[in-house]
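Structural description and commentary
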Amino acid sequence: MKKTLPYDKAKIEAIIKEYPTPFHIYDEHGLRTRVRALQKAFSWNKGYKEYYAVKACPNPVLMQILKEEGCGMDCSSYAELMLSEAVGIVADNIMFSSNATPAKDFEYARRLDAIINLDDISHIDFLAKHGGIPKTICCRFNPGGEFKIGTQIMGNPADAKYGFTRAQLTEGMKKLKELGVTEFGLHSFLSSNNTDNMYYPTLAKLLFETAKELHNELGIKIGFINLSGGVGIPYRPEDAETDIQFVGDKVHEAYEAAFAGTDLQPRIFTELGRYVSGPVGTLVTTVLHEKKTYKDFIGCDACAANLMRPAMYGAYHHVTVLGKEDAPCDHLYDITGSLCESNDRFAIDRKLPKIEIGDILAIHDTGAHGFSMGYNYNGKLKSAELLLCEDGSVKMIRRAETTKDYFATFDFLHLPRLNDEE
Ligand SMILES: *Cc1c(COP(=O)(O)O)cnc(C)c1O
């Protein structure tokens, strides 16, 4: 499928007059459309809720939009809880899915009355000491072994750091029941960026069967099943788009098969980050240099500090040269940033139209795990984030970092050059 953008070159040029590149820009209409399609696919389940994974794009303006759409937030750190509280998302609209959790994070999550999703059996005593055991709690399940859909290996849970073993679930939930828990949730996250339409249904079946077993063993109420994240998006033009309606229907089938005629009618929760916001973000960058040595390098004003996925995992992000959407892709380029780090390439051996200095590149699908993974290596600063509003206007939803931000943690040294404005 051809990768498209919700803006053309003229629109982006107008935006650049006000907000210089690089920046990430998010499409409000696209965000609302995606989350509504997701909710429709699960509307058969009363009490269904999407807890957006804040780490995917921790911006309070986007979180506010998702709140308007009826989403909760999946948080895993103190700062993510702060963001959620700041936009008025608290109590059972927060799923706190943390691991290796600091005491003060649990204490804060309990003050907000968030739903705690425990990662480990040893965290029961830790939580009892730091915040206390709530009435409702979720446990994260790690089934071990390999996670397969049919014969295809989709993940390696036995190697993952997350979750309770099956035996620990029985032991842990028994203990939690004794400590006063009256309602349980069950969660698992077994595969990432998975565009196989059977990922969620396969995971759901596993969780539904396990929930029934635990209900029968321990006489506990399983109030919800949390399918977590992992539903993928088509980063490459040839990748298939997840058919979310099909996914919802198949989870429904598995639900009926597991629970029809039983007194278990759990709510379904999801914690999708990438699926909801990945495709609605774009990193916009300007070409500064072309360097021809043994390869043809295009040097642009964004770098891996703005989008780490290609450098970190060799991830593919589609690149469009604005204004040359229909030109033949008859040149071979590496698109690089300016870090002193050879991995700093948004694209390697990519066929693109002929690029000129000053061309504007749109790097697609940066709306999840894009800006948020950014870092400051080489003293590179994080970019602004912009929102293309539904009415066509553009607003800044995070300003670009300045050197003053970067040096803020040296303020106690009172070094005049570093602590003054640029
Ligand atoms: C990262 C994460 C998610 C979201 O993952 P996506 O791949 O963006 O869907 C959901 N739940 C937990 C616990 C996570 O750590």
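Residues numbered from 1 in each chain as written. Predicted model: local features only at pLDDT ≥ 70, side-chain atom pairs only at ≥ 80, totals over all residues. Heavy atoms only, no water.

**Remarks on the overall build of the protein chain**
- A count of helical and extended segments in the protein chain gives 13 helices and 19 strands.
- In terms of C-alpha radius of gyration, the protein chain reaches 23 Å, essentially the compact-globule figure of 22 Å for 422 residues.
- Seen along its three principal axes, the alpha-carbon backbone of the protein chain occupies a region of about 70 × 55 × 45 Å.
- With 422 residues in all, the protein chain has 51% of them scored as buried.
- Long-range pairs, those at least 24 residues apart, make up 68% of the contacts in the protein chain with a sequence separation of at least 6.
- A total of about 18600 Å² of accessible surface is found on the protein chain, and carbon and sulfur atoms cover 52% of it.
- For the protein chain, the separation between the mean place of its 48 positive charges and that of its 58 negative charges on side chains is 1 Å. (Helix = DSSP H or I, 4+ residues; strand = E, 2+ residues; numbered from the N terminus. Rg over C-alpha atoms; globule rule 2.2 N^0.38 Å. Buried < 20%, exposed > 50% of the residue type's maximum accessible area, 1.4 Å probe, protein only. Contact = heavy atoms within 4.5 Å. Areas by Shrake-Rupley, 256 points an atom, 1.4 Å probe, with all protein chains shown as cover. Lys, Arg positive; Asp, Glu negative; His and termini not counted. Charge placed at Lys NZ, Arg CZ, Asp CG, Glu CD.)

**A look at the pairing of strand E6 (residues 136–140)**
- Counting buried residues in E6 gives four out of five residues, a clear majority hidden from the surface.
- Sheet topology places strand E5 (residues 115–118) next to E6; three bridges connect them, and they run parallel. Bridging across to E6, Ile116 finds its partner in Ile137.
- Of the strand pairs in this sheet, E6 and strand E9 (residues 183–187) are connected by five bridges, and their pairing is parallel. Looking across to E9, one finds that Ile137 is bridged to Phe184. (Pairing = 2+ DSSP bridges.)

**Quick look at the sheet that holds strand E10 (residues 222–226)**
- The eight strands are arranged E2-E3-E4-E5-E6-E9-E10-E11 in a closed barrel whose pairing can be described as parallel. Strand-to-strand twist across the sheet, computed as the mean angle between neighbouring axes with direction ignored, equals 25°.
- Here E9 pairs with E10 via four bridges, running parallel. Within E10, the position partnered with Phe184 by the bridge is Ile222.
- Helix-sheet contacts for helix H7 (residues 166–178) involve E5, E6 and E9, and the interaxial angle to E9 is about 155°.
- Set on the sheet, helix H8 (residues 199–218) makes contact with E9, E10 and strand E11 (267–270); between it and E10 the angle comes to about 155°. (Axes fitted to C-alpha atoms, helices over the stretch in contact; angles between N-to-C directions.)

**Remarks on the site of the ligand**
- The ligand sits among 14 residues. The nearest are Lys55, Gly230, Glu271, Arg274 and His369.
- The contact in question runs from a nitrogen atom of the ligand to an N or O atom on the side chain of Asp74, over 3.1 Å.
- In this structure, a nitrogen atom belonging to the ligand sits 2.6 Å away from a side-chain N or O atom of Glu271.
- Residues that form the shell around the ligand fall into these classes: three nonpolar, six polar and five charged. (Near = heavy atom within 4 Å. Polar contact = N/O pair within 3.5 Å; in protein donor to acceptor, adjacent residues only side chain to side chain. Nonpolar A, V, L, I, M, F, W, Y, C, P; charged D, E, K, R; others polar.)

**Examining H8**
- Relative to the 28 Å expected for 20 residues at 1.5 Å per residue, H8 spans 28 Å between its end C-alpha atoms, a close match to the ideal helical length.
- Along H8, the positions that sit buried rather than exposed are Tyr199, Tyr200, Pro201, Leu203, Ala204, Leu207, Phe208, Thr210, Ala211, Leu214, His215 and Leu218.
- Taken together, the buried residues of H8 touch strand E7 (147–149), H7, E9, E10, helix H9 (244–259) and E11.
- Phi turns positive one or two residues past the end of H8, at Gly219, with a value near 65°. (Expected span 1.5 Å × (residues − 1).)

**Focus on the domain arrangement of the protein chain**
- If you check the domain split of the protein chain, you get domain 1 (28–277) and domain 2 (279–405).
- Between domain 1 and domain 2, the C-alpha centre-to-centre distance is 32 Å.
- Taken together, the contact between domain 1 and domain 2 spans 25 residues of the former and 21 residues of the latter.
- Buried surface at the junction of domain 1 and domain 2, summed over both partners, amounts to about 1900 Å²; 58% is from carbon and sulfur atoms.
- For domain 1, the biggest contributors to the area lost against domain 2 are Glu28, Tyr235 and Ser277; these three give 32% of the whole.
- Along the contact surface separating domain 1 from domain 2 lie one salt bridge.
- Between Arg32 and Glu390 there is a salt bridge, with its nearest N and O atoms 3.7 Å apart. (Domains from an automatic or database assignment. Buried area = accessible area lost by both parts, 1.4 Å probe. Salt bridge = Lys/Arg side-chain N within 4 Å of Asp/Glu carboxyl O.)

**Some points on the pairing of E11**
- As defined by bridge partners, strand E2 (residues 49–53) adjoins E11 across two bridges and the pair is classed as parallel. Following the sheet pairing, Glu50 is matched in E11 by Thr270.
- In this structure, E10 lies alongside E11, joined through three bridges in parallel fashion. Looking at the pairing, Asn226 lines up with Phe269 of E11.
- Where the polypeptide runs from E10 across H9 and back to E11, its parallel neighbour, the crossover connection is right-handed. (Right-handed = clockwise from strand over helix to strand, strands pointing away.)

**Examining the environment of Asn99**
- Residue position: Asn99 is located in the loop between strand E4 (94–96) and helix H5 (103–111).
- Polar side-chain contacts of Asn99 include one of 2.9 Å to the side chain of Lys161.

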